[in-house]
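Summary of the model geometry
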Amino acid sequence: MSPPIAPVGWSRWLVPPAALAIHLSIGQAYAWSVFKPPLEDALGLSGTQSALPFQLGIVMLGLSAAFGGTLVERRGPRWAMTVALVCFSSGFLLSALGAATGQFWLIVFGYGFVGGIGLGIGYISPVSTLIKWFPDRPGMATGIAIMGFGGGALIASPWSAQMLESFGSDTSGIALAFLVHGLSYAVFMLLGVLLIRVPRPSGKERAAADHTAAPAGPQVSARQALRTPQFWLLWVVLCMNVTAGIGILEKAAPMIADFFADTSTPVSATAAAGFVALLSAANMAGRIGWSSTSDLIGRKNIYRVYLGAGVLMYALIALVGSSSKPLFVLCALVILSFYGGGFATIPAYLKDLFGTYQVGAIHGRLLTAWSTAGVLGPLIVNWIADRQEEAGKHGAELYGTSLFIMMGLLVVGFAANELVRPVHPSHHLDAVTPEKGAPDVGRRQQSEPA
């Protein structure tokens, strides 16, 4: 499946909606916490066990993005979006079968493994294309698309809660909800597959196709990027920021219920689902708002905000969050806006350091940090909460230790960001000779797909 080339006069503003159709769909992953309590009740699972499909999905997201990044660059966004559609929808259908038969392993395999591949390929599918269409505003461009991934739960959370209420929260009701998700998202993602276009390859035609420009500045291959300290410092930055945010997001619904269970205003299941939707809105707003801000103040400065202010937000939740519901919600919303902003800003950060050449493949490899965080965040929060519950604790006491751990991780990420410097010229394409293991640069740049 060759990449569809945009005709002369094609508006680049049609590309972000195509990306959004994919990202709004796969962003359903952030609404997984709505399914946790029903699955735990219906199948007798612990909080740690019910997190497994989500954790494996995030692991596969990072791995499939890392190993498929170069293939996505070569085959183009339409191929990648098609693969994402098939895998993501199939994951839901397999999960529906698992729920209907009471086989939790099939839900883990379907939603986590198969669906996770769809998450990874779908996530990176439009990134390189958007940066090529919007070289003047890369932060804003990637923010628009990746905003959809953060905002997916804004739609999926209340929608899923309503289906579980209508169909029932037993295994048959959960199965039916999974089935509806799989079929609906297949149709919606197809819109993105049909709409996506790539810029025309020549300089003249690129300008006519809406002011795109030839790559300028340092250009580093994906293979060479792995040999730079900048790549691994950004890996740590992303991993720490994601771990701190995803721990709350994965357990959002039960967490807010636990925090205020012993107060005069407990949180109902419906209100908890609404809280998940609010977090999704903050996640989405942060992706476009903070990433656009990074075009003005720089990537390093915006990560100082994410990581430094994030520590303060966690401290407020840990120390006084249980005494004020508005404060708890506000701090959680800010944290999730930083979480989303971190994802949306990282492709532009990579572009600044490594150039546009193979930036999609470099981004895919960096997302292995998300895989690691997808295990660490939920594991820290769920495992500690389970142990605290076994020790007879309840309410906000279940999460105190986890919150302080998250603060420490953000400090580590802050330190790594401070160490980031421009990539040494010895790693640039024009400095890497065939003797060092790189193919002829001129031939590679001519054959590089748009």
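Everything discussed here concerns the structure shown above.
Since the model is a prediction, treat every value here as computed from it, not as a measurement. (Residues numbered from 1 in each chain as written. Predicted model: local features only at pLDDT ≥ 70, side-chain atom pairs only at ≥ 80, totals over all residues. Heavy atoms only, no water.)

**Some points on helix α16 (residues 325-354)**
- The terminal C-alpha atoms of α16, which comprises 30 residues, lie 43 Å apart, in line with the 44 Å expected from a rise of 1.5 Å per residue.
- If you look at α16, its biggest bend is around 35°, right at T345, and the proline P347 turns up within four residues after that.
- When you tally the buried positions in α16, you get 22 out of 30 residues, the bulk of the element.
- Two or three places before L327, at the opening of α16, S324 has a side-chain oxygen 3.3 Å from that residue's backbone nitrogen.
- One or two residues past the end of α16 sits G355, with phi positive at roughly 85°. (Helix = DSSP H or I, 4+ residues; strand = E, 2+ residues; numbered from the N terminus. Expected span 1.5 Å × (residues − 1). Bend = angle between axes of the 7 residues up to and from the residue. Buried < 20%, exposed > 50% of the residue type's maximum accessible area, 1.4 Å probe, protein only. Polar contact = N/O pair within 3.5 Å; in protein donor to acceptor, adjacent residues only side chain to side chain.)

**A look at the side chain of S160**
- Here S160 is to be found in helix α8 (residues 138-167).
- Side-chain polar atoms of S160 contact the backbone oxygen of A156, separated by 2.6 Å.
- For S160, the residues in contact, after removing those within four places along its chain, are V34, F35 and H181. (Contact = heavy atoms within 4.5 Å.)

**Thoughts on the pattern of salt bridges**
- A full pass over the atoms with the stated rule returns 5 salt bridges.
- Across the pair E418 and R304 runs a salt bridge, and its minimum N-O distance is 2.6 Å. One end of the pair, E418, is in helix α19 (residues 400-418); the other, R304, is in helix α15 (residues 299-320), with 114 residues separating them in the sequence.
- A salt bridge links E390 to R387, with the shortest nitrogen-to-oxygen separation between them at 2.8 Å. Taken together, the positions of E390 and R387, both in helix α18 (residues 368-390) and 3 residues apart, correspond to about one turn of that helix.
- A relative accessible area of 60% places E390 in the exposed class.
- Put simply, D295, R299 and D352 are held in one network by salt bridges that share partners. (Salt bridge = Lys/Arg side-chain N within 4 Å of Asp/Glu carboxyl O.)

**Some thoughts on a nonpolar patch on the surface**
- A surface patch of nonpolar side chains, amounting to about 400 Å² of accessible area, comprises L93, F167, L176, L179 and L183.
- When residues in the nonpolar patch are grouped by element, the largest group, 3 residues, is from helix α9 (residues 171-195).
- Looking at the element boundaries, L176 is found in helix α9.
- By relative accessible area, L176 is classed as partly exposed at 36%. (Patch = residues over 30% accessible without salt bridge, like charges linked within 9 Å, V, L, I, M, F, W, Y side chains within 5 Å. Areas by Shrake-Rupley, 256 points an atom, 1.4 Å probe, with all protein chains shown as cover.)

**Section: the environment of P254**
- Looking at the element boundaries, P254 is found in helix α13 (residues 252-259).
- For P254 and V267, which are 13 residues apart along the polypeptide, the C-alpha to C-alpha distance reads 9.4 Å.

**Brief notes about the side chain of Q224**
- You can see Q224 is positioned in helix α11 (residues 222-225).
- Take Q224: its relative accessible area is 10%, and that puts it in the buried class.
- Separated by 3.2 Å, the side chains of Q224 and H427 make a polar contact.

**A few points about the packing of aromatic side chains**
- Applying the stated rule across the entire model yields 27 aromatic pairs.
- Relative to F343, the ring of Y123 has its centre 6.3 Å away and its plane inclined at 70°; by these criteria the two rings are edge-to-face. Here the residue Y123 occupies a position in helix α6 (residues 104-124), and F343 occupies one in helix α16, the gap between them amounting to 220 residues.
- The exposure class of F343 is buried, given its relative accessible area of 1%.
- Taken together, W32, F35, F88, F92, Y111, W159, F178 and Y185 form an aromatic cluster joined through their ring pairs.
- One residue, K325, lies across the ring of F260, its end atom 5.5 Å from the ring centre. (Phe/Tyr/Trp six-rings, centres within 6.5 Å; stacked < 30°, edge-to-face > 60°. Lys NZ or Arg CZ within 6 Å of the ring centre and 35° of its normal.)

**Considerations on the packing of helix α4 (residues 52-75) against α18**
- The N-to-C vectors of α4 and α18 enclose an angle of 170°; their axes lie 6 Å apart at closest approach. Put simply, α4 runs roughly antiparallel to α18. Along its contact with α4, which presents F54, Q55, I58, V59, L61, G62, L63 and A66, the element α18 presents T368, W370, S371, G374, V375, P378 and L379.
- Per-class residue counts for the contact of α4 with α18 are 10 nonpolar, 5 polar and no charged. (Axes fitted to C-alpha atoms, helices over the stretch in contact; angles between N-to-C directions. Parallel < 35°, antiparallel > 145°, perpendicular 65-115°, else oblique. Nonpolar A, V, L, I, M, F, W, Y, C, P; charged D, E, K, R; others polar.)

**Digging into the environment of P347**
- With respect to the secondary-structure elements, P347 resides in helix α16.
- Exposure remark for P347: the relative accessible area of 0% places this residue in the buried category.
- With 208 residues separating them in the primary sequence, P347 and G139 have C-alpha atoms 7.6 Å apart.

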